[in-house]
Protein chains: 2
Amino acid sequence: MRKINTRDFRRATRATPRQVNRQILLNLVREHQPISRADLARRMRIGRGIVTTLVNELLEEGSVYEGAVADPPPLPSPPLSTRGRRPTMLYVRTRDRLVVAIDVRFSRTYLLLSDFSGTQIALETFGTLFKPDALLDELAGRVRTLLRTHGAEGSCEGIGMVVPGMVDRGGGRVLNAPQLGWRDVEIRSGLAQRTGLPVHVENAPAACALATIWLRPGGGSGIRDFVYVAVSDGVGAGVVVDGQLVRGHGHTAGEFGHIPIRADGPRCLCGSAGCLEAHTSNLATLARYLGHELSPAVARELLRGSGLTVEDVIHRARRGEPRARAALEETGRYLGLGLSIIINALNPEQIIVGGEITAAWNLVEPAIRAEAQRRALTQEAAATPVIPEPPGSLPRLRGAIALVTAPLFAAPQVG
Amino acid sequence: MRKINTRDFRRATRATPRQVNRQILLNLVREHQPISRADLARRMRIGRGIVTTLVNELLEEGSVYEGAVADPPPLPSPPLSTRGRRPTMLYVRTRDRLVVAIDVRFSRTYLLLSDFSGTQIALETFGTLFKPDALLDELAGRVRTLLRTHGAEGSCEGIGMVVPGMVDRGGGRVLNAPQLGWRDVEIRSGLAQRTGLPVHVENAPAACALATIWLRPGGGSGIRDFVYVAVSDGVGAGVVVDGQLVRGHGHTAGEFGHIPIRADGPRCLCGSAGCLEAHTSNLATLARYLGHELSPAVARELLRGSGLTVEDVIHRARRGEPRARAALEETGRYLGLGLSIIINALNPEQIIVGGEITAAWNLVEPAIRAEAQRRALTQEAAATPVIPEPPGSLPRLRGAIALVTAPLFAAPQVG
DNA sequence: GCGATCTTGTTCGTTTAGCGAACTAATTCC
DNA sequence: GGAATTAGTTCGCTAAACGAACAAGATCGC
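Here's what I pulled together on the structure shown here. In this text, all values refer to a predicted model and were calculated from it rather than measured experimentally. (Residues numbered from 1 in each chain as written. Chains lettered and ligands numbered in written order. Predicted model: local features only at pLDDT ≥ 70, side-chain atom pairs only at ≥ 80, totals over all residues.)

1. What about the overall build of chain A?
- Along its length, chain A carries 14 helices and 16 strands.
- Relative to the globule expectation of 22 Å for 415 residues, the C-alpha radius of gyration of chain A, 23 Å, shows essentially globular dimensions.
- Judged by the C-alpha coordinates and their principal axes, chain A covers about 70 × 55 × 50 Å. (Helix = DSSP H or I, 4+ residues; strand = E, 2+ residues; numbered from the N terminus. Rg over C-alpha atoms; globule rule 2.2 N^0.38 Å.)

2. Describing the interface of chain B and chain A
- Opposite the 74 residues of chain B that make contact, chain A presents 74 residues.
- Where the side of chain B that touches chain A is concerned, the elements lending two or more residues are helix 1 (16-32), strand 9 (173-177), helix 6 (204-215), strand 14 (244-246), helix 11 (322-346), helix 12 (361-375), helix 13 (379-382) and helix 14 (395-409) of chain B. (Contact = placed C-beta atoms within 7 Å.)

3. Side note on the protein's contact with DNA strand C
- Contacts to DNA strand C come from 29 residues, most closely from A:Gly49, B:Thr13, B:Gly49, B:Gly84 and B:Arg85.
- Broken down by secondary-structure element, the contributors of at least two residues to the surface near DNA strand C are helix 1 (16-32) and helix 3 (48-61) of chain A together with helix 2 (37-44) and helix 3 (48-61) of chain B.
- Across the surface near DNA strand C, the residue classes tally to seven nonpolar, twelve polar and ten charged. (Near = placed C-beta within 6 Å. Nonpolar A, V, L, I, M, F, W, Y, C, P; charged D, E, K, R; others polar.)

4. Thoughts on the relation of the copies chain B and chain A
- Superposing chain B onto chain A requires a rotation of 180 degrees together with a translation of 0.0 Å along the rotation axis, leaving an RMSD of 0.0 Å. Given the turn and translation reported, the copies of this chain are related as if by a two-fold rotation axis.
- Comparing interface residues between copies, 100% of those in chain B also lie at the interface in chain A; the contact surface is shared. (Least-squares fit on C-alpha atoms with pLDDT ≥ 70 in both.)

5. Examining the pairing of strand 6 (residues 120-127) of chain A
Residues and elements named next belong to chain A.
- Here strand 5 (residues 108-115) pairs with strand 6 via seven bridges, running antiparallel. Each bridged residue has a counterpart across the sheet, and for Leu111 the counterpart in strand 6 is Glu124.
- Counting the residues in the hairpin turn of strand 5 and strand 6 gives four residues, including Gly118, whose phi is positive at 95 degrees. (Pairing = 2+ DSSP bridges.)

6. A closer look at the pairing of strand 7 (residues 156-163) of chain B
All names here are of chain B.
- Most of strand 7 is tucked away, with seven of its eight residues classed as buried.
- Here five bridges tie strand 4 (residues 98-104) to strand 7, and the two strands are oriented parallel to one another. Directly across from Asp103, in strand 7, lies its bridge partner Val162.
- Here five bridges tie strand 7 to strand 11 (residues 199-203), and the two strands are oriented parallel to one another. When the sheet's bridge partners are listed, Ile159 is paired in strand 11 with Val199. (Buried ≥ 20, exposed ≤ 12 C-beta atoms within 10 Å, placed from the backbone.)

7. Observations concerning the protein's contact with DNA strand D
- Taken together, 29 residues lie near DNA strand D, and A:Thr13, A:Gly49, A:Gly84, A:Arg85 and B:Gly49 sit nearest.
- Listed by contribution, the elements that provide at least two residues to the surface near DNA strand D are helix 2 (37-44) and helix 3 of chain A together with helix 1 and helix 3 of chain B.
- Taken together, the residues that form the surface near DNA strand D break down as seven nonpolar, twelve polar and ten charged.

8. A closer look at the nonpolar core
- Counting 209 residues, the largest nonpolar core has A:Leu210 and B:Leu210 as the members making the most contacts within it.
- Listed in part, the 38 residues of the second largest apolar core include A:Val414, B:Leu25, B:Val64 and B:Leu90. (Core = buried A, V, L, I, M, F, W, Y, C linked by C-beta atoms within 7 Å.)

9. Focus: the packing of helix 6 (residues 204-215) of chain A against helix 14 (residues 395-409) of chain A
Residues and elements named next belong to chain A.
- One way to put it is that helix 6 packs onto helix 14 with a least axis distance of 7 Å and a crossing angle of 70 degrees. In terms of orientation, helix 6 and helix 14 fall into the roughly perpendicular class. As helix 6 packs across helix 14, the resulting crossing turns out to be left-handed. Residues Ala204, Ala207, Cys208, Leu210, Ala211, Trp214 and Leu215 of helix 6 form the contact with helix 14, whose participating residues are Pro395, Arg396, Arg398, Gly399, Ala400, Ile401, Ala402, Leu403, Thr405 and Ala406. (Axes fitted to C-alpha atoms, helices over the stretch in contact; angles between N-to-C directions. Parallel < 35°, antiparallel > 145°, perpendicular 65-115°, else oblique. Left-handed = near helix turned anticlockwise from the far one by under 90°.)

10. Quick notes on helix 1 of chain B
Residues and elements named next belong to chain B.
- Compared with the 24 Å implied by 1.5 Å per residue over 17 residues, the 24 Å span of helix 1 between its first and last C-alpha is a close match.
- Counted residue by residue, helix 1 has twelve buried out of 17 residues, so it is predominantly covered.
- Those residues of helix 1 not exposed but buried are Pro17, Val20, Asn21, Arg22, Gln23, Ile24, Leu25, Leu26, Asn27, Leu28, Val29 and Arg30. (Expected span 1.5 Å × (residues − 1).)

11. Details of the sheet that holds strand 8 (residues 166-168) of chain B
Residue and element names in this part refer to chain B.
- With antiparallel pairing, the three strands of this open sheet are ordered in space as 8-9-10. Each having just a single partner strand, strand 8 and strand 10 (182-186) make up the two edges of the open sheet. Strand-to-strand, the axes of this sheet are offset by a mean angle of 10 degrees, without reference to chain direction.
- Pairing of strand 8 with strand 9, which is carried by three bridges, proceeds in the antiparallel orientation. Bridge pairing in strand 9 places Met166 opposite Asn176.

12. Looking at the sheet that holds strand 2 (residues 64-69) of chain A
Residues and elements named next belong to chain A.
- If you trace the three strands from one edge of the open sheet to the other, you get 1-3-2, paired in antiparallel fashion. The sheet is open, and its two borders are formed by strand 1 (35-36) and strand 2, each paired with just one other strand.
- Pairing of strand 2 with strand 3 (residues 88-92), which is carried by four bridges, proceeds in the antiparallel orientation. Across the sheet, residue Val69 finds its bridge partner in strand 3, namely Thr88.
- In this fold helix 3 packs onto strand 2 and strand 3, with an angle of close to 110 degrees to the strand it touches most, strand 2.

13. A closer look at the environment of B:Pro412
- Positionally, B:Pro412 belongs in the segment after helix 14.
- With 391 residues separating them in the primary sequence, B:Pro412 and B:Asn21 have C-alpha atoms 9.7 Å apart.

Written out as structure tokens, the structure is:
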């Protein structure tokens, strides 16, 4: 029930059905590999003849490759019948198709060389440079040597870059990244020129959502409506509706960090008071633990001065320190309040929480769940699963990978 | 950048391009009528030959009709050149295609006989019956006589019904409508059987959003990302992303009424405290004017007992009564706070506000705008237009019409 | 007034993608 | 070893897009 955009539509040509079916087929291989042509024909309710031609096209362009014929009967998924000719299995080519993922954070910048399936090849780090040009020079140099040392100069298909701030993805401009002090910085063309590779830039929580859509372990679990809530120095979200990231009219959808949840709450870095972020960010938890109200001055002092981090607070809470436990629990309570807003407003199938706080999940979960349920309107909404991102999964870097790979697997736009 | 749903996809067939292009063409006629075949060919960047065959198809099935040849030069839109053969203009057939729109509200139920373009033919009202079966009997009888007296028995293409509560649109079940006291009431099949017409049921704010997508005056103004906020006895919203209504996993998206905005706010009918609805609904404004805190008991008393309505408060405010003005202004302030959450979370291109309060727009707008801007993160977000639904436009009934007409014009789903 | 020019709308032959039936290949069962 | 069964390919048919040619209706210039 989508209305056609009569100002900017894509009309169908004679080649459109093939493009559509080709892409469906490619995605079926992606999610069910190893899979045979005959099985694809059954799943698509299409003749085997067409599958042959579509697969040949994909083989020729190298998106897919043929495995050996499944020799012995002991297959992981048992064939319907044990009789008849054995199928030749198909796989998507991921091994020798590489991506460079970049995660720019306040303190350090991460570079990952990875293949299309998300398998890590090399990971390196350096202190973030805050001058855009200096950072781009450094990055371009490191990308070059990274590709050279791994003999991957020809097989890298693009660079995905994740930034803590709002991004005009189409244009590749960073609109506002307060942590880096950037405003209206054109980033894409600079890196693309320096490296000769296509570059994609995206906001961090949005990228995490993309990683969840495209690289979730057990890919086709079929969850197409969810919100990824990223809790770190800031609090942001990636909203996914029908398998598609919602970016908003001005590219700033998902900024849940600055929704007001308490009129009398502490002043936030954004200037308002009572923001969700001022109650649930790592800084807020830290400040609460130290007994401060979070004001910009205090926040900066905490960032620079005391070497204490949230990880330390979590550590102390695990050891049983009551003040640390209380600080985390209160963060959980406010986070639950924030999630209840998301549940009421968007009714997602699932909410995924990422960030350092997931390391203390068993400490914060009860508070989150209690508060979210208390505010839910229906039983189904109250039962909305809230799931922590598994530790060590590098969601931002995986999101950067997805920035490059997703366009090759996405549905062709029609209508 | 949508991910293909490998569990439930629509593969393209040989006929798909035609379906897609036919629908694009139909929508172009809808939004640019009168329009010629040659002009359609130019807009679609397609040969005139195909346009002829597509138009013939639409003419045959009666979706479109030919007007007279544009005889004299004085056309509303001046042709590119004054020379050459005159075009025959095309129009979508709306006059003799009828819809029955039904709006069930707490006090009264409205029935409207309308054509596809939204032109009203007959409007009638009766006191709402709270027993589902009794209401359906009454409705079926009235629909029958309405169609008979207007000689429209053959030309009615469906019934659209709008309900104050959550609706499983696919199944036609009302999940929860507290104002009517309904829970899990199957409504569609009952009315469809009684009338022999296809029936669509939808939640009121969502229907208002649909009306805005499909029947907005000056249709193709190109706004495809907006939120319709309906402020009446309750507060709800219809969220539209890329020309498509977001319904959520459990059909309850858009329930902005019960997001918490103040921890210490008054208790709401839903059981929680500090809900947006408890601060901005008509009842809340009324209670504030009367000097009460809104509790369920007070609310019920206000509904039944005193004959005072929001309209009265607005009237008194217009006459200059300070307490009435203050009550409305505070409603505006809280509403602006609520809108700032929507702006941050979804970054729509525009927000439309509907409900009785729009009659006092010039009194509430400054407060709304000030509060919304104060919370916005970017200048663009702060400039998000907040527009009142024009008075007397019957948005819920127009939404009910759209429920029937929209599927005929919507983009065919592919992929 | 008449031909040149221009625009609209139709027709028709060409190309190509989907579709289904027939065919080959490989394997198991009896 | 032949019947049965499944996988994969080939090939002819059909129908839709595409583009060029054509007919129809209008204006302009001489």
